[in-house]
Amino acid sequence: MLKQAIADALKDALTRASAAGELTLETVPEVGVETPRDPDHGDYATNLAMVLAKPLRMPPLKIAETIVRHLAKDDTIGSVSIAAPGFINVRVATNRLAECARTILQQGGAAGIQPFGQGQRVLLEYVSANPTGPLHVGHARWAVIGSTLASLLQAVGFETHQEFYINDAGNQMRLLGASVDARMQELAGRASKMPEDGYQGAYIREVAQAAREHLDASFVGLPVEARVATLTGFARDYLLELQKRTLLALNTHFDVFYSETTLHEQDRVSEAIARLKQTGHLYEHEGAWWLRSTAYGDDKDRVVVRENGQPTYLAADIAYHWDKLRRGYDRLIDILGADHHGYVARIRAAVQALGGQDDTLAVVIGQMVNLFRDGEPVRMSKRTGDMVTAQEVVDEVGTDAARYFLVMRSTDSTLDFDLALAKRESADNPVFYVQYAHARICSIIRVADEQGLSPEVGETSETVFIHPSERQLLLKLASYSDEVVAAAKALEPYRLARYAQELASLFHQFYAHCRVLTDDRVVTQARLGLIAATREILRHVLVDLLGVTAPLRMASLTEEGASAQA
RNA sequence: GUCUCUGUAGCUCAGUGGAUAGAGCGUCUGCCUCCGGAGCAGAAGGCCACAGGUUCAAGUCCUGUCAGGGACGCCA
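What counts and how
Residues numbered from 1 in each chain as written. Chains lettered and ligands numbered in written order. Predicted model: local features only at pLDDT ≥ 70, side-chain atom pairs only at ≥ 80, totals over all residues. Helix = DSSP H or I, 4+ residues; strand = E, 2+ residues; numbered from the N terminus. Buried ≥ 20, exposed ≤ 12 C-beta atoms within 10 Å, placed from the backbone. Pairing = 2+ DSSP bridges. Axes fitted to C-alpha atoms, helices over the stretch in contact; angles between N-to-C directions. Arc of directions from axis to C-beta. Contact = placed C-beta atoms within 7 Å. Core = buried A, V, L, I, M, F, W, Y, C linked by C-beta atoms within 7 Å. Expected span 1.5 Å × (residues − 1). Parallel < 35°, antiparallel > 145°, perpendicular 65-115°, else oblique. Left-handed = near helix turned anticlockwise from the far one by under 90°. Nonpolar A, V, L, I, M, F, W, Y, C, P; charged D, E, K, R; others polar. pLDDT = per-residue confidence, 0-100.

**Considering the overall build of chain A**
Then, in step 1: Scanning chain A from N- to C-terminus turns up 21 helices and 15 strands.
Then, in step 2: Dimensions of chain A along its principal axes, counting C-alpha atoms only, are 85 × 75 × 35 Å.
Then, in step 3: Across the 566 residues in chain A, those meeting the buried criterion constitute 43%.

Take a look at the structure:
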């Protein structure tokens, strides 16, 4: 809310100084405004003078003085100071901060968020698992990152859509059908042979059991090919439903589940191949057709049609991405696991070969999740039966903790997820810390309500908000809209979780230092407004962006509190 | 071997080229007459893996080395 205003004021000052002939600028440079680490250095700062020192061939301190002399005092800039070697430090007028809180209170947590997306259409594709088994924790991480990113981009003015690409074609699916068939034969008491590299997990037996209940009894006696074909479809549907249930439990909602098989059935794959041949991006070599992906920076060219005439997985994915482009999306975002990193260059190349710009497709790589239970690593393997599924994780720790933990780290970092820790309802657990701040505010407002007080931020704030913790809280509230925009531009949803924790921390500090409900009516009114604005922001970041609940009260506390007092 | 992510406090991690490197947990010490103590305050704890370079300024950018994760199919 404030960053742009300060940058504009500085830019105006530069222009005036230039017009006055005191600084000889050819163009007005980009003004970078940052928040200093040390609050003593002001609320916002710029290194403008130091950046200009070289081109102007003037000492940075002198430039800073000149800029400050031409800086118009407005309702945002309270005071300005210069610090060696050339920083310009701005302290925001407290009335302006109070005005920000008032705006948040009136317009809600989204107030002031710059809608730079301008209605551009964005398609996010994420999770996109094979329907050959339950989702694992890695999938859960992509799910949470994807859905949070979708909300985030929506909040900054993009029109976002979310899709799950079902990898339901190819050899893996036949193998799945054969694995289920083997288990089913077992259940029927017949001799069976699990195929080489067949799916071994306990869930295969579950699918087989379900198939026995839903398919006709005589089915077991059919020839192998017929059985496997039917079971492949059955298992696909069954496991996809399982995955969908998990995604819902993670509070993730897709607009479309897009089946790879339909691409083949509707000849989309052959169309895409024909198109690439026509535009000269494919060539024939050793009986196969290759995409010239090296033309767009890939390490080597990639086969799209095999020697035997069958299209590869890449061919289908190219067709899918072409379909996305033809549906009129301005930007495509794919979220992939680090295990698919090597795939990025070729799909980016394909998008460009299909006419996309080099920045049309953005790929977010999520590093892997290491699962722990009480410090002991838990193995994740699809082939063994003992893996912990995403569903089990959500069942164990709950949706809120699962979402928060899976999104709170940078996607570039591998995530250590300790189930015991996430489950613990204690201070270890950041999601409870943030939710507690929200519940605490609700509690105060409930008490105030009983006294006939409603939250408002009055006009006399300069004299009312005098405690440092009040200022810090106000500043944090005012920076929310800037933070949302920054997180969206960088495609870094984890920043929202950090912000939420920092805001909660500042609120708890304020709470410890300043009593809200006091004998002084003016102070009470102002502080009620402050915490109500804090609640708006907490609710927005938790519910609207992170997809986590913002509880009015902490349920387990009342129980514990009751028993503790007894 | 090539590509890629990571390496910052005992642990898990922040840190958009700027000022004295931060948070949470853990450890130690304080704070409940009072709006919810799942909280707050304080202390201890660091050659930012290592070596060069770029610049007014490097934890941050570049190159190399070391260590750990992931990937290198006419699998999906």
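Here the narrative resumes, following the displayed structure.
**Overview of the sheet that holds strand E14 (residues 376–378)**
Then, in step 1: Reading across the sheet, the three strands line up as E14-E13-E15 and stay open at both edges, with mixed pairing between neighbours. Strands with a single pairing partner mark the edges of an open sheet, and in this sheet they are E14 and strand E15 (415–418). Pairwise comparison of adjacent strand axes, ignoring direction, gives a mean angle of 40° for this sheet.

**Looking at helix H10 (residues 268–278)**
Then, in step 1: Among the residues of H10, those classed as buried are Val269, Ala272 and Leu276. Around the axis of H10, the buried residues are gathered within 65° of arc, so they sit on the same side. Seen from the open side of H10, the exposed residues pointing more than 90 degrees away from its buried face are Ala274 and Gln278.

**Describing the sheet that holds strand E10 (residues 302–305)**
Then, in step 1: Taken together, three strands build an open sheet; the order of strands is E8-E9-E10 and the sheet is antiparallel. Since the sheet does not close on itself, it has two edges, and those belong to strand E8 (282–285) and E10, each with one partner. Taking each pair of neighbouring strands and ignoring which way they run, the sheet shows an average axis angle of 45°.
Then, in step 2: Against the sheet, H10 touches E8, strand E9 (288–291) and E10, its axis set at about 95° to E8.

**Thoughts on the environment of Asp197**
Then, in step 1: Considering the arrangement of structural elements, one finds Asp197 in the loop between helix H6 (171–187) and helix H7 (202–214).
Then, in step 2: In this structure Asp197 comes out as exposed when scored by C-beta crowding, with 11 C-beta atoms within 10 Å.
Then, in step 3: The spatial distance from the C-alpha of Asp197 to the C-alpha of Ser410 is 35 Å, given a sequence separation of 213 residues.

**Side note on the nonpolar core**
Then, in step 1: Counting residues in hydrophobic clusters, the biggest one holds 164 residues, and the most contacted among them are Ile67, Ala101, Ala140, Leu152, Leu474, Leu477 and Ala500.
Then, in step 2: With 13 residues, the top contributor of residues to this core is helix H20 (residues 521–546).
Then, in step 3: The residues touching Ala140, leaving out its near neighbours within four places in the chain, are Leu135, Leu250, Ala390, Val393, Ala402 and Leu406.

**Comments concerning H20**
The periodicity of an α-helix, 3.6 residues per turn, causes residues three or four places apart in sequence to face the same way.
Then, in step 1: With 26 residues, H20 extends 36 Å from end C-alpha to end C-alpha; this agrees with the ideal 38 Å at 1.5 Å per step.
Then, in step 2: Buried residues dominate H20, accounting for 20 of its 26 residues.
Then, in step 3: Following H20 by one or two positions, Gly547 adopts a phi angle in the positive range, close to 70°.

**Focus on the environment of Ala210**
Then, in step 1: Structurally, the position occupied by Ala210 is in helix H7.
Then, in step 2: In this structure the C-alpha to C-alpha distance between Ala210 and Ala488, which are 278 residues apart in sequence, comes to 44 Å.

**Comments concerning the environment of His540**
Then, in step 1: Structurally, His540 is set in helix H20.
Then, in step 2: For His540, a count of 23 C-beta atoms within 10 Å puts it in the buried group.
Then, in step 3: Each C-alpha atom of the pair His540 and Arg91 lies 27 Å from the other, and the pair is 449 residues apart in sequence.
Then, in step 4: When neighbours within four sequence positions are excluded, His540 is seen to be in contact with Gly108, Gly109, Ala110 and Leu545.

**Quick look at the packing of H7 against helix H8 (residues 224–249)**
Then, in step 1: Their axes nearest at 10 Å, the elements H7 and H8 cross at an angle of 115°. For the element pair H7 / H8, the angle class is roughly perpendicular. Between H7 and H8 lies a crossing whose hand is right-handed. Contacts from Val207, Ala210 and Ala211 of H7 reach H8 at Leu231, Phe234, Ala235, Tyr238 and Leu239.
Then, in step 2: Along the lines of polarity and charge, the residues of the contact of H7 with H8 split into eight nonpolar, no polar and no charged.

**Remarks on unusual backbone geometry**
Then, in step 1: Omega for the bond connecting Ala84 with Pro85 falls within 30 degrees of zero, at 0°, which places this linkage in the cis form.
Then, in step 2: Residue placement: Pro85 occurs in the loop between strand E3 (77–83) and strand E4 (87–92).
Then, in step 3: The phi dihedral of Asp197 is positive, around 60°, even though this residue is not glycine.
Then, in step 4: Positive phi values are uncommon outside glycine, yet Asp267 reaches one of about 60°.
Then, in step 5: Relative to the elements of secondary structure, Asp267 occurs in the loop between helix H9 (260–265) and H10.

**With respect to the confidence of the model for chain A**
Then, in step 1: Across chain A, the average pLDDT comes to 91, with 95% of residues at 70 or higher.
Then, in step 2: In this model residues 558–566 is a low-confidence stretch, pLDDT under 50, and it forms one contact with partners more than four residues away in sequence or in other chains.
Then, in step 3: On the interface metric, ipTM, the complex scores 0.94, and its pTM is 0.94.

**What about the pairing of strand E13 (residues 369–373)?**
Then, in step 1: Taken together, the four bridges between E13 and E15 define a ladder with parallel strand orientation. The partner of Asn370 across the bridge, within E15, is Asp416.
Then, in step 2: Once E13 ends, the chain turns through two residues before running back antiparallel as E14, passing Asp374 with a positive phi of about 55°.

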